[in-house]
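Here's the letter readout for the chains.
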Amino acid sequence: MRSIVRWVVSRLRRYRPDRNPLRRRSDRIEAALAAAALAAVLFAAWPAALAARAVYDDGVAAERAGSGTRKLVEVTLVETASIGAASIEATSAVQANGRGLPAASPARWTLPSGEVREGVVPAALLLRDGPANARLWVDAAGRPVAPPPQRAETMTRAGLAAAGAVASVAVLAWACFALARGRLDRRRYREWEAAWAAADQRWRRHHI
């Protein structure tokens, strides 16, 4: 912790505005660039808040839509041999849902309308209540779907969106500052070389 504090203090001393006659124009430009990079990171809090708000609102909307369009039904896990031709349609529906999960279980579930469906359901979609019983979220067509997002998941996604926005701006600001500082360093090296060459010429004439 102390090392971090010392580093911050050293940066503040290096870039603070003052009338030090030893400061060159390139030093003042570097200090201004550092202040601009810091200001960009601080101003990123506003778009980060907007991004988090948008993600949060979308998550809350998904939660509300989930309770209206998704239904939680009881599922009976059955043997593979008892699954008939209906399993082909159900399995295709599950794969089309984009889950792509290899672990699956043959199951039978009853829709709110009373229709019975059979198919192979990815294990990740099953909320198991026992060795042979489980629950499953289905859409309006009776196909297995992912459960609606929870509030904790929505808040986590919103936080990640805000952190990602700030981190993106911070990385971009640091990259621009590092690039500009590299050019300033090359310019300072040339100035130092020219100053040493001029001093060498003066010293030579003085000794002669």
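Q: Sorry, what's going on with the nonpolar core here?
A: Where a protein is soluble and globular, its nonpolar side chains tend to be buried together. Core analysis: the biggest nonpolar cluster contains 12 residues, these being Val73, Val75, Leu77, Ala107, Trp109, Leu111, Val121, Leu125, Leu126, Ala134, Leu136 and Val138. Elements represented by at least two residues in this core include exactly strand 1 (71–77), strand 2 (104–110) and strand 5 (133–138). Not counting chain neighbours up to four residues away, the residues in contact with leucine 111 comprise Arg117, Val138 and Gly142.

Q: In this structure, what is going on with the pairing of strand 3 (residues 116–122)? I would like to understand it.
A: One ladder, built from 7 bridges, connects strand 2 with strand 3; its direction is antiparallel. Its bridge partner lying in strand 3, serine 105 is registered against valine 121. Turn length for the strand 2-strand 3 hairpin, with the two strands adjacent in sequence and antiparallel, is 5 residues, and the turn residue glycine 114 shows positive phi of about 100°.

Q: When you look at the packing of aromatic side chains in this model, what are you seeing that I'm missing?
A: The way to describe two aromatic rings as a pair is by their centre distance and the angle between their planes. Across all of its chains, the model carries 1 aromatic pair by this definition. A centroid spacing of 6.2 Å and a plane angle of 70° characterise the contact between tryptophan 196 and tryptophan 203, whose relative ring orientation is edge-to-face.

Q: Teacher, can you tell me more about helix 2 (residues 25–43) here?
A: In an α-helix there are 3.6 residues to a turn, and that puts residues three or four apart on one side. Relative to the 27 Å expected for 19 residues at 1.5 Å per residue, helix 2 spans 27 Å between its end C-alpha atoms, a close match to the ideal helical length. Taken together, the buried positions of helix 2 are Ser26, Asp27, Glu30, Ala31, Ala34 and Ala37. Take helix 2 and look down its axis: the buried residues cluster within an arc of 145°, on one side only. In helix 2, those exposed residues whose orientation departs by more than 90 degrees from the buried face are Arg25, Leu42 and Phe43.

Q: Is there a simple way to explain the sheet that holds strand 2 in this structure?
A: Within a sheet, adjacent strands bond to each other through the backbone by hydrogen bonds, running parallel or antiparallel. Pairing within the open sheet is antiparallel, and its 5 strands lie in the order 3-2-1-5-4. Of all the strands in the sheet, just strand 3 and strand 4 (126–128) have a single pairing partner and so form its edges. Geometrically, the sheet is characterised by an average inter-axis angle of 40° between neighbouring strands, direction not taken into account. Relative to strand 2, strand 1 runs antiparallel, the two being bridged by 3 bridges. Residue pairing for strand 2: leucine 77 is matched across the bridge by alanine 107.

Q: Is there a simple way to think about a nonpolar patch on the surface in this case?
A: Together, Trp192, Trp196 and Trp203 make up an exposed nonpolar region whose accessible area comes to about 420 Å². Classification of tryptophan 196 by relative accessible area gives exposed; the value is 51%.

Q: How do you make sense of the pattern of salt bridges when you look at a structure like this?
A: Oppositely charged side chains are able to pair whenever their charged atoms sit close together. Enumeration according to the criterion identifies 7 salt bridges in this entry. The salt bridge involving glutamate 30 is made with arginine 188; its shortest N-O contact spans 2.8 Å. Here glutamate 30 is found in helix 2, whereas its partner arginine 188 is found in helix 5 (residues 151–207), with 158 residues between them in sequence. Overall, the relative accessible area of 1% leaves glutamate 30 in the buried class.

Q: What am I meant to see in the side chain of glutamate 118 here?
A: When you line up the elements, glutamate 118 lands in strand 3. A relative accessible area of 18% places glutamate 118 in the buried class. A polar side-chain atom of glutamate 118 sits 2.7 Å from a polar atom in the side chain of arginine 108.

What counts and what doesn't
Residues numbered from 1 in each chain as written. Predicted model: local features only at pLDDT ≥ 70, side-chain atom pairs only at ≥ 80, totals over all residues. Heavy atoms only, no water. Core = buried A, V, L, I, M, F, W, Y, C linked by side-chain atoms within 4.5 Å. Buried < 20%, exposed > 50% of the residue type's maximum accessible area, 1.4 Å probe, protein only. Helix = DSSP H or I, 4+ residues; strand = E, 2+ residues; numbered from the N terminus. Contact = heavy atoms within 4.5 Å. Pairing = 2+ DSSP bridges. Phe/Tyr/Trp six-rings, centres within 6.5 Å; stacked < 30°, edge-to-face > 60°. Expected span 1.5 Å × (residues − 1). Arc of directions from axis to C-beta. Axes fitted to C-alpha atoms, helices over the stretch in contact; angles between N-to-C directions. Patch = residues over 30% accessible without salt bridge, like charges linked within 9 Å, V, L, I, M, F, W, Y side chains within 5 Å. Areas by Shrake-Rupley, 256 points an atom, 1.4 Å probe, with all protein chains shown as cover. Salt bridge = Lys/Arg side-chain N within 4 Å of Asp/Glu carboxyl O. Polar contact = N/O pair within 3.5 Å; in protein donor to acceptor, adjacent residues only side chain to side chain.

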